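# Working through the structure, step by step
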Amino acid sequence: MSAAPAVLNVSAYLFTALTDAAQLRGPMRERAVAAGLKGTIILAEEGINLFLAGAAEPLRAYLDELRADPRFAPLRATESWSSAQPFRKMLVKLKREIIRMDRPTIRPAERRAPAVSPETLRRWLDQGHDDAGREVVMLDTRNAFEVDDGAFEGALDWRLERFTQFPDAVAAHRGELRNKTVVSYCTGGIRCEKAALVLREEGVEAWQLDGGILGWFAAQGQAHYRGDCFVFDERVAVDSALAPATAG
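Residues numbered from 1 in each chain as written. Predicted model: local features only at pLDDT ≥ 70, side-chain atom pairs only at ≥ 80, totals over all residues. Heavy atoms only, no water.

### Brief notes about the packing of helix α5 (residues 166-177) against helix α6 (residues 190-201)
Contact geometry of α5 with α6 gives a least axis separation of 10 Å together with a crossing angle of 50 degrees. On the basis of the axis angle, α5 is oblique to α6. Crossing of α5 against α6: the hand is right-handed. On α6, the residues that touch Phe-166, Pro-167, Val-170 and Leu-177 of α5 are Ala-195, Val-198 and Leu-199. In terms of residue class, the contact of α5 with α6 is made up of seven nonpolar, no polar and no charged. (Axes fitted to C-alpha atoms, helices over the stretch in contact; angles between N-to-C directions. Helix = DSSP H or I, 4+ residues; strand = E, 2+ residues; numbered from the N terminus. Parallel < 35°, antiparallel > 145°, perpendicular 65-115°, else oblique. Left-handed = near helix turned anticlockwise from the far one by under 90°. Contact = heavy atoms within 4.5 Å. Nonpolar A, V, L, I, M, F, W, Y, C, P; charged D, E, K, R; others polar.)

### Quick notes on the pattern of salt bridges
Under the definition given, this model contains 26 salt bridges. Here Asp-69 makes a salt bridge to Arg-71, at a shortest N to O gap of 2.9 Å. The exposure class assigned to Arg-71 is partly exposed, which follows from its relative accessible area of 25%. Among the salt bridges present, the one from Asp-210 reaches Arg-76, with a minimum N-O distance of 2.9 Å. (Salt bridge = Lys/Arg side-chain N within 4 Å of Asp/Glu carboxyl O. Buried < 20%, exposed > 50% of the residue type's maximum accessible area, 1.4 Å probe, protein only.)

### Comments concerning the nonpolar core
The biggest cluster of nonpolar side chains holds 27 residues, and the ones touching the most others in it are Trp-158, Phe-166, Leu-177, Val-182 and Leu-199. For this core, the secondary-structure elements that each account for two or more residues are β1 (7-15), β2 (38-44), β7 (136-140), α5 and α6. There are two domains that each give this core at least three residues, and those are domain 1 (7-94) and domain 2 (115-238). When neighbours within four sequence positions are excluded, Trp-158 is seen to be in contact with Leu-139, Phe-166, Ala-169, Val-170, His-173 and Leu-177. (Core = buried A, V, L, I, M, F, W, Y, C linked by side-chain atoms within 4.5 Å. Domains from an automatic or database assignment.)

Right, here's the structure in full:
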């Protein structure tokens, strides 16, 4: 009988105003290293984005410690397991944005586009329309190489090379989205936050999938999704059970 996976993996992000990101960097890394964690934390004026792995108890305690800061109190983490540590180092980086779009007017910490839960979206997709009878369009906001590992059935894929191309792609395709309910989605939700705001600025009735693909897998498994989900660590991709995907 094989041993249960021993390494807890978490991904989390939060758009929240941080005027002291540079001062947070050192203490965050020191506490993570002391807890035996590895991964990456990105800090910016607009918030925090993190991917961490380690033993369950110290990792959860680390997140609880972060949440003791009122600015991080709403931080929600998606958990998955692996048999090996998928990161090589513990890094805390300072950046201009926690997810780069180069559109400074898009500020999810100040306003958030409406989110649709996996349960509601499942109902919409099962019945073929939203609760108002409108056609539902799934819009993948990830880069093309990520989409190639798996995506929602019938989702729009604009073959983006980088997320900074998304606003121009919306402007070019907005006519195709008129009078439809558009649900933007990404790996864990962070890109969807900005994507849905851009779509709404262009007059599109847009929602974001709460929790992204990882949240969907946790709540709905493989339903309406084909393939795996690319992740940015040594697991490469996870399946609908949030386990490292088997190659081949």
